[in-house]
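Tertiary structure, described
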Amino acid sequence: EVNGGATLDFTGTVMTRSLTYAIDDNQNLSDFGKFNLVSNPYPSFLNANAAADTDNNFLTVNGDNLHLSYAAVFAYDGSGSFNTKTNANTVGSPLYIAPGQAFFVASDDENGNTITMALKK
C-alpha cells in the first residue's frame, strides 16, 4: 500500500534506449491466449495514443504488430474491469502510460511478433 505523499524509489540502471518485447497468440488458450501483459519499463510516462504525440506513441509505433480487431491498450481501471483505449476512441484526449504501469495488448500471430517501447524523442 502506498500512502499519499510517500516516496516511490526506483533502483537499478535507468533505461535510456528503446526496448522490444516478444508477444504472440497462444491459440491453445482460446480467445484469451492472444493477450500479453507488458509494462512501461521507464521511470517516465510513455505516450500511448496519437493525441499524446502524433507519431511517437505506443499505438501508432506498434499498430502493425497488434491484433487487427484488438489494436488497443487494455488497462485496468481499479474497479474490476479493463478500459480499451485506441487512437480512435481517445481522439483529443492524450493517454499516457505511467512508469511501471502494466497493460494488456493482443497479438494475432501464433508464431510471435514484437512490440516496441520507445522513449519520447
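My aim in this report is to walk through the structure given alongside it, one point at a time. (Residues numbered from 1 in each chain as written. Predicted model: local features only at pLDDT ≥ 70, side-chain atom pairs only at ≥ 80, totals over all residues. Heavy atoms only, no water.)

1. What about the overall build of the chain?
The helix and strand inventory of the chain stands at 1 helix and 8 strands. The helix and strand sequence of the chain, counted from the amino end, reads β-β-β-α-β-β-β-β-β. Per-residue burial over the chain gives 31% buried out of 121 residues. Within the chain, counting contacts between residues at least 6 apart in sequence, those at least 24 apart form 75% of the total. Surface accessibility of the chain: about 7600 Å² in total, with carbon and sulfur atoms responsible for 49%. (Helix = DSSP H or I, 4+ residues; strand = E, 2+ residues; numbered from the N terminus. Buried < 20%, exposed > 50% of the residue type's maximum accessible area, 1.4 Å probe, protein only. Contact = heavy atoms within 4.5 Å. Areas by Shrake-Rupley, 256 points an atom, 1.4 Å probe, with all protein chains shown as cover.)

2. A closer look at the nonpolar core
Ranked by internal contacts, the top residues of the largest apolar core, which has 16 residues, are Phe58, Phe103, Val105, Ile115 and Met117. For this core, the elements supplying multiple residues, two or more each, are strand 1 (19-23), helix 1 (58-62), strand 7 (102-106) and strand 8 (113-117). In contact with Ile115, not counting residues within four places along its chain, are Leu19, Thr20, Tyr21, Ile23, Val38, Phe58, Asn62, Leu66 and Val105. (Core = buried A, V, L, I, M, F, W, Y, C linked by side-chain atoms within 4.5 Å.)

3. Concerning the pairing of strand 4 (residues 73-76)
Across 4 bridges, strand 4 lies against strand 5 (residues 82-85) in antiparallel orientation. Its bridge partner lying in strand 5, Val73 is registered against Lys85. The hairpin turn running from strand 4 into strand 5, its antiparallel successor, is 5 residues long, and Gly78 in that turn takes a positive phi close to 85°. (Pairing = 2+ DSSP bridges.)

4. Structural notes on the environment of Lys34
Tracing the backbone through its elements, the reader meets Lys34 in the loop between strand 1 and strand 2 (35-39). Among the residues examined, Lys34 registers a relative accessible area of 7% and is labelled buried. Residues Lys34 and Glu110, 76 residues apart in the sequence, show an inter-C-alpha distance of 8.2 Å. Those residues within four positions of Lys34 in sequence are excluded, and the remaining contacts are Asp24, Asp25, Asn26, His67, Tyr70, Val105, Ala106 and Ser107.

5. Quick look at the packing of aromatic side chains
One pass over the full model with this rule turns up 3 aromatic pairs. Considering the side-chain rings of Phe35 and Tyr70, the 5.6 Å spacing of their centres and the 70° angle between planes classify their relative orientation as edge-to-face. With Phe35 in strand 2 and Tyr70 in the loop between helix 1 and strand 4, this pair connects stretches of sequence that are 35 residues apart. The exposure class of Phe35 is partly exposed, given its relative accessible area of 25%. On the numbers, 5.3 Å between centres and 85° between planes, the contact of Phe58 with Phe103 is edge-to-face. With Phe58 in helix 1 and Phe103 in strand 7, this pair connects stretches of sequence that are 45 residues apart. The buried category is assigned to Phe58, whose relative accessible area is 4%. Through successive ring pairs, a cluster of aromatic residues spans Phe35, Tyr70 and Phe74. (Phe/Tyr/Trp six-rings, centres within 6.5 Å; stacked < 30°, edge-to-face > 60°.)

6. Describing the side chain of Ser107
Secondary-structure assignment places Ser107 in the loop between strand 7 and strand 8. A relative accessible area of 0% places Ser107 in the buried class. Within the structure, the side chain of Ser107 is placed 3.2 Å from the backbone nitrogen of Asp109, a separation counted as a polar contact. When near neighbours in sequence (up to four residues on either side) are disregarded, Ser107 contacts Ile23, Asp24, Asp25, Lys34, Asn36, His67 and Asn113. (Polar contact = N/O pair within 3.5 Å; in protein donor to acceptor, adjacent residues only side chain to side chain.)

Remember, this is a structural readout, not a statement about activity or role.
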